[in-house]
Amino acid sequence: MVEFTRRSLLGTAAALAAPALIRPAWAADTVKLGCLFSSSGTMANIEGRLNHVVRMAAEGLNAKGGVNGRRIEVVTSDPASDWPLYAQIGRQMLQQEKVAALFGCWTSVSRKSVLPVVEQNDGLLFYPLHFEGDENSKNIVYVNSPPASSVLPAVDYLMGAEGVGAKRFFMIGSDYVWPRTINKQLKAYWTSKGVPETAWREEYVPLGFSNFQTLVNQIRSFAAQPGGQPIVVLTVVGSSIPDFLREFANQGIRATDVPILGLDMVEADLEGLDTAPLVGHLNCWAYLQAAKAEANTRFLSEWAAYVKAKSVPFSADTVIDPMVSAYDSVQLWALAAAKAGSFDVPEVRKAFPGLSFADPSGYTLTMGAENNYVARGVFIGSVNEKQGFDILWQSPDAPKPVPFSPYG
Amino acid sequence: MVEGVRRLGLVALLAWGASLMMPPALAADAPLERGPFAAALCGDGAAQTKAVEAFLHRAAEAEAAEIAWAGAALRALLDRRLACLGETALLLDRTGAAEGVEAATGTARPAAGGRSPVLGLRQRALVETASGAAALLTGPSVEARRAGLSILERRIGAVPEAFLLRAASAETDPGLRASLAAVAQSAALSSPDPARRLAAIRAVSEAPSGAAFSRLSALKTDAAYGSDPAFRSALDAALARVERAVSIGNGLAVLYNGLSFASILFMAAAGLAIIFGLMGVINLAQGEFIMIGAYATYGVQEVLRRLAPAWLDAYLLAAIPVAFLASAGVGIAIEALILRHLYRRPLMSLLATWAVSLFLINGVRVAVGSQNLQFAMPSYVSGGVPLYADFVVTWNRLFAIAFAVATLALTLVILKRTPLGLDIRAVTQNRDMAACLGIRTRRVDRLAFGFGSGLAGLAGVALCPIYSVNPGMGANFIVDSFMVVVLGGVGTVAGTLVAALGIGSANVLIEPLYGAVAAKVIVLAGIILFLQRRPEGLFAVRRRR
């Protein structure tokens, strides 16, 4: 395993000047996969897990004899939650490490910065997060859901009779492309449903922001105004999520007064929080740890065993959607490479249509010919006392992904 | 605290409910049929809603025993201790227990294969209200009944008036009866009796809040507002009173927010002010000293959990000396090993402290892991209390403010009243002259560096209940603390205090107007402009060179 840091980047640059003799001879019977997940900075607590999941998936495949007769070698890195560094390390991995595929990025801003790199080098990036859609590059596989099959069903649920009949919306997000685009689409969606513009408010905070007192005060006074049931649509990311939830609970607001729909909220964000006063807040993902499926039980025990065996510095009993999606990404890549009988990106890409894989969520993932999106199921989760999510609602099947939103 | 009481009340309620497991006594009319009620709780959202709404409407007449039984079942549903086996509902002692008792009959049965329904939000609100109603009427203690009332108050519109009257007449505690009467009075806003309406308006305006203002404003569209002058003047007066109270409450909230943010800034910057002021070392590892303080707090918590679980709630206080010594120890070690070789080279010391910071972050990550640490939150740092109108005092922030005041006092005492403080001040003002007079400046440097690091460790203790604790937490504070120190003037505690108050309240004042992103920009621009005028900061220490 090779660790990438700023320093080793310099080192590799220096090594490049030296003759190619130093390239290891064993490269012939292995194939490299690259990871672009931060293990420092504001995203470290959640992104850091994905490096280990990719390794675990690769080890699983190696135990079955690898792919096309080659062992998988995983190259990890630390882009340090610094968006331009994702592009820099991504280029390094494609050009010098010659990785067959990249697995990486959490925030959309990091994906947007890697996008030109994979397009120029005709690489392949598997992106495991649900996101704002409106993008379809032949060099990126969007393993998680666009808004039409994640955010909109959840908002519909909250607006409907089964949810709370939400009439007013307080949007609060981190200040970058994903929250802004999601909120733009939501506003257009509400306008199409006849919700007046006075019924919503939109606030943004810097990434890594933690002092939410004033904003929670504002939410309370927003909630006190007349006009129907208010909800909070939360698109802050990283360490801001637990800090926001803590302040929200401390100021005495309960989910039955003002529910939060946390679009980036996962089980890992609840670690270290007393969730009793947070019970009932919602999230929506393509996988929840509570999913009832045999594949899930297997995945959970595999992860727990892996954490124990490798003393991975993360919780053995917490599994979040992007972890499963990263795992699915490796499986999809392996299936495509095996089907193509090659590791060349154009060949692998040609093998995507028609792939299917029964993943831990209990749904069968499929890829179509029209785009690089993957059809996933939809879950709406509700926070419980035990720092996890109970499944409140789940879709009957995996809806066909709609990359470009008709709203906004 | 309240949560604990509520839980105690629940246990008592359950015990009491269990002792009442006799054949259902029939009420005069519309008895609660246990079987169908329990089955409905196991049904879909619509069935739950229907059954619980019907229960709430009947609660004014039903027998106390029936209400207690239903309350126990509803509480179990809320806590996910209700297991459904087809149509029968079992009450479990705890979530996932292997055996339970049938809700309707009380016979014991294994719960294997049972399904615990997850409540939708609408049903959760309703079930909470209904179980609050049951607790208010049949709670064994005044606290349990008061907790029930406070749940009912959140959704007073869903509670039939007759029920409140029954609860008021059945209540034995005079204090609780008075609050019940006030709640019942304010629930009569749309009563047909004009006198009761006026009383309701008065009652609502006596507990002012944004929600009360909305409820009263809604009455302006009422026919009586145009036709009845007495009603009109009463409503206008009440609205004016509520509006005034709400704006006072909001003003208090702004003050409190500013003060609490300032206290965090001050604690993060106090140690830096001493280190930077004394030695001119730009210590980029200061944030990591805060992190070490927080991890030491976690260590104290875990030790107490193992050795003295009864004292667990006091871990934040017990951690104060430990966190101080841990951070001070690391600080002194770093000074002795690295920094003392670099005193004449400020740029080198900047790079070295940055390296130390990376080393500490990654060391902790390897040793402990990068997940957020799990802290047990004692009642004195969780939740809050509504003080006036919409102004809520949150205990964790109050703790931080008190802690900052104590830190300030400690710093001042040490600097002004101890020999070490005298030495530090002397060395800060003129290092060479102090050395000539026999002060061992190297030793002073080391102790002062340890003291400054220890203060950062204390900040770590105070931040545990507010922010998430993970290896990277220190990075959030370093920029803000430098801003405070530079604005305040290098090396003065008073300057640091004033700068923290200024930056904290400026942030809080600008945030609601232009948003949190712009607030940061505006504050930073303001600081730059100020430093153009006064490069030495607010308070400059007079130095002789």
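Keep in mind the model is a prediction, meaning the values are calculated, not measured.

Colleague: Can you help me understand the overall build of chain A in this one?
Modeller: From N to C terminus, chain A includes 11 helices and 16 strands. In summary, chain A has a C-alpha radius of gyration of 21 Å against a globular reference of 22 Å for 408 residues, a match within 12%. Principal axes of the C-alpha set define a box for chain A whose edges measure 75 × 40 × 40 Å. Counting across all 408 residues of chain A, residues that qualify as buried make up 57%. Within chain A, counting contacts between residues at least 6 apart in sequence, those at least 24 apart form 71% of the total.

Colleague: Sorry, what's going on with unusual backbone geometry here?
Modeller: Peptide bonds are mostly trans, and most non-glycine residues show a negative phi. With a phi close to 50°, Asn68 of chain A is a non-glycine residue in the positive phi region. Relative to the assigned elements, Asn68 of chain A resides in the loop between helix H2 (44–63) and strand E3 (71–77). Phi angles above zero are rare outside glycine, and Ala389 of chain B is one such case at about 50°. Tracing the chain through its elements places Ala389 of chain B in the loop between strand E5 (384–388) and strand E6 (391–394).

Colleague: Would you mind showing me how to read the interface of chain B and chain A here?
Modeller: The accessible area lost on association of the parts is a frequent measure of interface size. Of the residues lining the interface, 51 residues belong to chain B; the matching set on chain A comes to 49 residues. Counting residues per element, the ones that place at least two in the side of chain B that touches chain A are helix H5 (121–138), helix H10 (210–218), helix H12 (229–279), helix H15 (346–368), E5, E6, helix H21 (493–514) and helix H22 (516–533) of chain B. When the residues that make up the side of chain B that touches chain A are grouped by side-chain class, the tally is 19 nonpolar, 23 polar and nine charged.

Colleague: Teacher, can you tell me more about the domain arrangement of chain B here?
Modeller: Partitioning chain B into domains gives domain 1 (2–207) and domain 2 (250–477). Placing a centre on the C-alpha atoms of domain 1 of chain B and another on those of domain 2 of chain B gives a separation of 48 Å.

Colleague: Looking at this model, I keep getting lost on the sheet that holds strand E2 (residues 88–92) of chain B. Mind explaining?
Modeller: Strand pairing in a sheet takes place through backbone hydrogen bonds and is either antiparallel or parallel in direction. Residue and element names in this part refer to chain B. Strand order in the open sheet formed by four strands is E1-E2-E3-E4, and the pairing between neighbours is antiparallel. In this open sheet, the two edge strands, each paired with only one partner strand, are strand E1 (82–85) and strand E4 (108–110). The mean inter-strand angle of the sheet, taken between neighbouring strand axes irrespective of direction, is 45°. Of the strand pairs in this sheet, E1 and E2 are connected by four bridges, and their pairing is antiparallel. Directly across from Ala83, in E2, lies its bridge partner Leu90.

Colleague: Whenever I open this one, the confidence of the model for chain B confuses me. Can you help?
Modeller: Parts of the prediction with low pLDDT should not have their coordinates interpreted in detail. All names here are of chain B. Looking at chain B as a whole, its pLDDT mean stands at 87, while 93% of the residues score no less than 70. Overall, residues 1–29 carries pLDDT values under 50, and its contacts beyond four positions in sequence, including any with other chains, amount to 43 contacts. The complex model carries a pTM of 0.87, and its ipTM stands at 0.86.

Colleague: When you look at the packing of helix H8 (residues 174–186) of chain B against helix H9 (residues 194–206) of chain B in this model, what are you seeing that I'm missing?
Modeller: When two helices pack together, you describe them by how their axes are tilted relative to each other and by the distance separating the axes. Residue and element names in this part refer to chain B. Closest axis-to-axis distance for the H8/H9 pair is 7 Å, and the angle between their directions is 120°. Here H8 and H9 pass one another in a crossing that is left-handed. Taking contact as the criterion, the partners of Ala182, Gln185 and Ser186 in H8 are, on H9, Ala199, Ala200, Ala203 and Val204. For the contact of H8 with H9, a count of residues per class yields five nonpolar, two polar and no charged.

Colleague: It is not clear to me how the environment of Asp390 of chain A should be interpreted in this structure. Could you clarify?
Modeller: Residue placement: Asp390 of chain A occurs in strand E16 (residues 389–394). On the basis of neighbour count, Asp390 of chain A is assigned to the buried category, with 20 C-beta atoms found within 10 Å. A C-alpha to C-alpha distance of 34 Å links Asp390 of chain A and Ser77 of chain A, two positions 313 residues apart in sequence. In this view, Asp390 of chain A contacts Ala290, Gly381, Ser382 and Asn384 of chain A together with Val118 of chain B; residues no more than four positions away in its chain are not counted.

Colleague: Before we go on, may I ask you to explain the nonpolar core in this structure?
Modeller: In terms of nonpolar packing, the biggest core is built from 290 residues, with Val54 and Leu261 of chain A together with Ala73 of chain B touching the most fellow members. Among the domains, domain 1 (2–207) and domain 2 (250–477) of chain B are the pair contributing at least three residues each to this core. Apart from the residues within four sequence positions on either side, Leu261 of chain A is in contact with Ala154, Val155, Leu158, Ile231, Val232, Val233, Leu234 and Leu282 of chain A.

Colleague: Looking at this structure, how should I read H2 of chain A?
Modeller: In an α-helix there are 3.6 residues to a turn, and that puts residues three or four apart on one side. Residue and element names in this part refer to chain A. The terminal C-alpha atoms of H2 lie 29 Å apart, and with 20 residues this matches the ideal 28 Å at 1.5 Å per residue to within 8%. Counting buried positions over the 20 residues of H2 gives 15, a clear majority of the element. Positive phi appears at Gly65, one or two residues downstream of H2, with a value of about 100°.

Colleague: Where do I start with the pairing of E6 of chain B in this structure?
Modeller: Consecutive side chains of a regular strand alternate in pointing toward one face of the sheet and then the other. Residue and element names in this part refer to chain B. Here E5 pairs with E6 via four bridges, running antiparallel. Along E6, the bridge assignment pairs Gly384 with Thr394. Hairpin remark: E5 followed by E6, antiparallel, with two residues in the connecting loop; positive phi at Ala389, about 50°.

Colleague: It is not clear to me how the packing of H12 of chain B against H21 of chain B should be interpreted in this structure. Could you clarify?
Modeller: Residues and elements named next belong to chain B. Two numbers describe how H12 lies on H21: the axes approach to 7 Å, and their chain directions differ by 140°. Taken together, the axis directions place H12 and H21 in an arrangement best described as oblique. Judged by the sense of rotation from one axis to the other, the crossing of H12 with H21 is right-handed. When H12 is examined against H21, the residues Val254, Asn257, Gly258, Phe261, Ala262, Leu265, Phe266, Ala269, Ala270 and Ala273 are found in contact with a partner set consisting of Val493, Thr496, Leu497, Ala500, Leu501, Ile503, Gly504, Ser505, Asn507, Val508 and Leu509. When grouped by side-chain class, the residues that make up the contact of H12 with H21 number 15 nonpolar, six polar and no charged.

Definitions and cut-offs
- Residues numbered from 1 in each chain as written.
- Chains lettered and ligands numbered in written order.
- Predicted model: local features only at pLDDT ≥ 70, side-chain atom pairs only at ≥ 80, totals over all residues.
- Helix = DSSP H or I, 4+ residues; strand = E, 2+ residues; numbered from the N terminus.
- Rg over C-alpha atoms; globule rule 2.2 N^0.38 Å.
- Buried ≥ 20, exposed ≤ 12 C-beta atoms within 10 Å, placed from the backbone.
- Contact = placed C-beta atoms within 7 Å.
- Nonpolar A, V, L, I, M, F, W, Y, C, P; charged D, E, K, R; others polar.
- Domains from an automatic or database assignment.
- Pairing = 2+ DSSP bridges.
- Axes fitted to C-alpha atoms, helices over the stretch in contact; angles between N-to-C directions.
- pLDDT = per-residue confidence, 0-100.
- Left-handed = near helix turned anticlockwise from the far one by under 90°.
- Core = buried A, V, L, I, M, F, W, Y, C linked by C-beta atoms within 7 Å.
- Expected span 1.5 Å × (residues − 1).
- Parallel < 35°, antiparallel > 145°, perpendicular 65-115°, else oblique.

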